[in-house]
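Each chain is listed here by its residues.
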Amino acid sequence: MSAMIRLRISAFVFVAAFVALAAPVLAQEGPLHINREARFAVIFPGEPMVRPITYMSRAGASVPAREFFVERDGARYVVTVVQFPDGRAEDRRAVEHAAEGLRRRGEVRFQAYADYDPGIPGRQLNIFEPNGRQTRASVYMYDRRLYITEANAPVGDFAAIQFEQSIMLLDEDGEDVDREGLELVLAFIGSLFSRILP
């Protein structure tokens, strides 16, 4: 078998595996929840409820916030949106303050600075709690809004992983502020296949 045929077979297997792995996402139980007012989108494993809460800022001020959440089979999926009335549009210190509160919940197995896009500070955390559960969390700040996502579920819960990875921050027009992310991925895949296939 020639090297070119093996390469084409490998490319076909890669595409087939990609489609097979994408099928559960396409057949997800909960659709993408888009909230243009709070300016985020995420895949919840059901229809979220909303409640007003108060968030304590790093300066000790009480700031109004909203919590969007789904509780299912003992798991909890939450997006908290804190709207700061003034201050910096993007503030890494506010992100770190929120991350510190999350870190107190248990053993931090992973944490990283994970800017949503250049200039939009963020943090991702993976925390194992004393009760054996796992919290997958992220914190981002964009346009005076602090976004805190938390998926508290059994270790390895697929819905928690999907929820954590699906967060999108939206601009005033309802568009993802990371406009280049998907385009870069598609361009990379296209360039890869243009080298493999004739």
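Everything numeric in this text was worked out from a predicted model, so none of it was measured.

## Side note on the confidence of the model for the protein
Right, so step 1: Counting all residues, the mean pLDDT for the protein is 82, and 75% of those residues have values of 70 or more.
Right, so step 2: Note that pLDDT drops below 50 for residues 3–30; the model gives that stretch 21 contacts with residues more than four away or on any other chain.

## Remarks on the packing of aromatic side chains
Right, so step 1: The final tally for this structure, using the stated rule, is four aromatic pairs.
Right, so step 2: With centroids separated by 5.0 Å and ring planes inclined at 65°, the aromatic side chains of phenylalanine 40 and phenylalanine 68 adopt a geometry described as edge-to-face. Here phenylalanine 68 lies in strand S4 (residues 62–72) and phenylalanine 40 lies in strand S2 (residues 40–43), a separation of 28 residues in the sequence.
Right, so step 3: For phenylalanine 68, a relative accessible area of 1% translates into the label buried.
Right, so step 4: Summarising the aromatic geometry, the rings of tyrosine 116 and tyrosine 140 are spaced 5.5 Å apart at their centres and angled 75° between planes, so their arrangement reads as edge-to-face. Within this pair, whereas tyrosine 116 is found in the loop between strand S6 (107–113) and strand S7 (122–128), its partner tyrosine 140 is found in strand S8 (residues 133–142), the two being separated by 24 residues in sequence. Grouping residues by exposure puts tyrosine 116 and tyrosine 140 together as buried.
Right, so step 5: Within the aromatic cluster, the residues linked to one another by ring pairs are Phe44, Tyr77 and Phe163.
Right, so step 6: One residue, arginine 76, lies across the ring of phenylalanine 69, its end atom 5.1 Å from the ring centre.
Right, so step 7: Positioned above the aromatic ring of tyrosine 113 is the side chain of arginine 123, whose terminal nitrogen or guanidinium carbon lies 4.1 Å from the ring centre.

Quick notes on the rules
Residues numbered from 1 in each chain as written. Predicted model: local features only at pLDDT ≥ 70, side-chain atom pairs only at ≥ 80, totals over all residues. Heavy atoms only, no water. pLDDT = per-residue confidence, 0-100. Contact = heavy atoms within 4.5 Å. Phe/Tyr/Trp six-rings, centres within 6.5 Å; stacked < 30°, edge-to-face > 60°. Helix = DSSP H or I, 4+ residues; strand = E, 2+ residues; numbered from the N terminus. Buried < 20%, exposed > 50% of the residue type's maximum accessible area, 1.4 Å probe, protein only. Lys NZ or Arg CZ within 6 Å of the ring centre and 35° of its normal.

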